[in-house]
Amino acid sequence: MACMDITIHTTFLPHDDPDASLAFYRDVLGFEVRSDVGQGRMRWISVGPAGRSGTSILLAPPATDPGITEDERRTIAEMMAKGTYGWILLATPDLDGTFEKVQAKGAEVVQEPVEQPYGVRDCAFRDPAGNLIRIQELR
Amino acid sequence: MCHPAWGRALAQARRLEDLARLRRVRDRIDREYALPLDVEALARGAGMPAGHLARQFRLAYGRSPYAYLTARRIERAAALLLRGGLGVAEARSPAGRTSPGAFTARFTDTARFTEPAGVPPGEVLRRVPETVPVMPGAVGWWSCDLGGSRPAAPGP
């Protein structure tokens, strides 16, 4: 098989209040803002770790595909509100330091750093749109 | 002033606020499972009557806050038991249970989490599946069985 060269470029997380989400990823997690287009609730904001432009998170309004029905749109909004829709797994070599900084900036803590049975140590926060942000320790 | 569409939008906005409040209750359980926590304390924190919280939580998440809290405690207890290379089968076996040292310490920790939930550590071992999935979402999925009904599919 020919050697493929594919990287993971952008993943998506929904927002329901673009300014609140932007503040969380930029000011609380310390990500850089790579692009910010649109207006009102229709904003597409690309963020990522400073100096590592290869991978981004696109903060985007949910359910913009016109093929999504009203019922599906409502379900997605409800799942976001109850915290069962979006999630992402981030990583850092300094879990305790990161946890303390993020907590000190007022983020909603879901789980303090803990050893998991699947062999990693991680913590978890909630972003303003209800997405679960897991951060695991690189070791 | 009272256009039907406005009424619907307002009702939906209230529903999303209520769901976000339930999410904060569930997150609090995830965060504080090791503390003395009961439905009354959760309801006080959320500013709603305990019966109302229990009903709304069950409607939103498919099981009561108490069942969710129990599942979380058992999951953490099982995690403690399984840490350090102790497999489920090993931990369940009489040899595993009677081996001294680290396992005994772990068992004591387990009791700390499970006794408030009324589940003895031996029962924790019985409830842990033979093969424990190794991803964040999967752990949440199997542990749901421990304190209530299992949802249809894995979540984070």
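- Going by the annotation in an unreviewed UniProt entry, the name recorded for chain B is AraC-type DNA-binding protein, with Streptomyces radiopugnans given as the source organism.

- Under an unreviewed UniProt entry, chain A has the name VOC domain-containing protein and belongs to Streptomyces radiopugnans.

## With respect to the nonpolar core
- Among the nonpolar cores identified, the biggest contains 22 residues, and Tyr25, Ile57, Leu90, Phe125 and Ile133 of chain A are the most heavily contacted of them.
- Broken down by secondary-structure element, the contributors of at least two residues to this core are α1 (18–28), β3 (42–48), β4 (56–60), β5 (87–92), α3 (95–104), β7 (121–126) and β8 (132–137) of chain A.
- Considering each element in turn, this core owes the most residues, 4 residues, to α1 of chain A.
- Filtering out sequence-adjacent residues up to four positions away, Phe125 of chain A remains in contact with Phe99, Val102, Gln103, Ala107, Glu108, Val109, Val110, Asn131, Leu132, Ile133 and Ile135 of chain A.
- One finds Ala81 of chain A together with Leu22, Ala46 and Ala60 of chain B within the second-largest nonpolar core, a separate group that totals 19 residues.

## Digging into the sheet that holds β4 of chain A
Residues and elements named next belong to chain A.
- Sheet architecture is open: 4 strands sit in the order β1-β4-β3-β2, paired in mixed fashion. Here the strands that pair on one side only, and so sit at the sheet edges, are β1 (10–14) and β2 (32–39). Strand-to-strand, the axes of this sheet are offset by a mean angle of 20°, without reference to chain direction.
- Where β1 lies against β4, 5 bridges are found, and the strand directions are parallel. Bridge assignment links Thr11 to a residue of β4, and that residue is Ile57.
- Against the sheet, α1 engages β1, β2, β3 and β4, with an angle of about 5° to β3.

## Re α3 of chain A
All names here are of chain A.
- All of the buried residues in α3 are Leu95, Gly97, Phe99 and Val102.
- Where α3 is buried, its residues touch α1, β5, β6 (108–115), β7 and β8.
- Positive phi appears at Gly106, one or two residues downstream of α3, with a value of about 90°.

## Things to note about the packing of aromatic side chains
- Tallied over the entire structure, the rule returns 5 aromatic pairs over all chains.
- Aromatic ring contacts, followed pair by pair, group Phe24, Tyr25 and Phe31 of chain A into a single cluster.

## Re the sheet that holds β5 of chain A
Residues and elements named next belong to chain A.
- Judged by pairing direction, the sheet is mixed, and its 4 strands sit side by side in the order β5-β8-β7-β6 without closing on themselves. If you trace the sheet from one side to the other, it starts and ends with β5 and β6, each paired once. On average, each strand axis in the sheet is tilted by 20° relative to the strand beside it, whichever way the strands run.
- Bridging between β6 and β7 involves 5 bridges; their strand directions are antiparallel. When the sheet's bridge partners are listed, Glu115 is paired in β7 with Arg121.
- Sheet strands touched by α3: β5, β6, β7 and β8. Its angle to β7, the strand with the most contacts, is close to 15°.

## Digging into the interface of chain A and chain B
- Contact with chain A, which involves 24 residues of that partner, is made by 25 residues of chain B.
- In this assembly, chain A packs against chain B so that about 2200 Å² is buried in total across both faces, 58% of it on carbon and sulfur atoms.
- Our count for the chain A to chain B interface comes out at 4 salt bridges.
- In this structure, Arg126 of chain A and Asp27 of chain B form a salt bridge, with 2.7 Å as the shortest nitrogen-oxygen distance.
- The interface formed by chain A and chain B includes 8 residue pairs in polar contact (both at pLDDT 80 or more).
- Those elements giving two or more residues to the side of chain A that touches chain B turn out to be α2 (70–82), β5, β6 and β8 of chain A.
- In the side of chain A that touches chain B, the residues fall into 12 nonpolar, 4 polar and 8 charged.

Cut-offs and rules
- Residues numbered from 1 in each chain as written.
- Chains lettered and ligands numbered in written order.
- Predicted model: local features only at pLDDT ≥ 70, side-chain atom pairs only at ≥ 80, totals over all residues.
- Heavy atoms only, no water.
- Core = buried A, V, L, I, M, F, W, Y, C linked by side-chain atoms within 4.5 Å.
- Buried < 20%, exposed > 50% of the residue type's maximum accessible area, 1.4 Å probe, protein only.
- Helix = DSSP H or I, 4+ residues; strand = E, 2+ residues; numbered from the N terminus.
- Contact = heavy atoms within 4.5 Å.
- Pairing = 2+ DSSP bridges.
- Axes fitted to C-alpha atoms, helices over the stretch in contact; angles between N-to-C directions.
- Phe/Tyr/Trp six-rings, centres within 6.5 Å; stacked < 30°, edge-to-face > 60°.
- Buried area = accessible area lost by both parts, 1.4 Å probe.
- Salt bridge = Lys/Arg side-chain N within 4 Å of Asp/Glu carboxyl O.
- Polar contact = N/O pair within 3.5 Å; in protein donor to acceptor, adjacent residues only side chain to side chain.
- Nonpolar A, V, L, I, M, F, W, Y, C, P; charged D, E, K, R; others polar.

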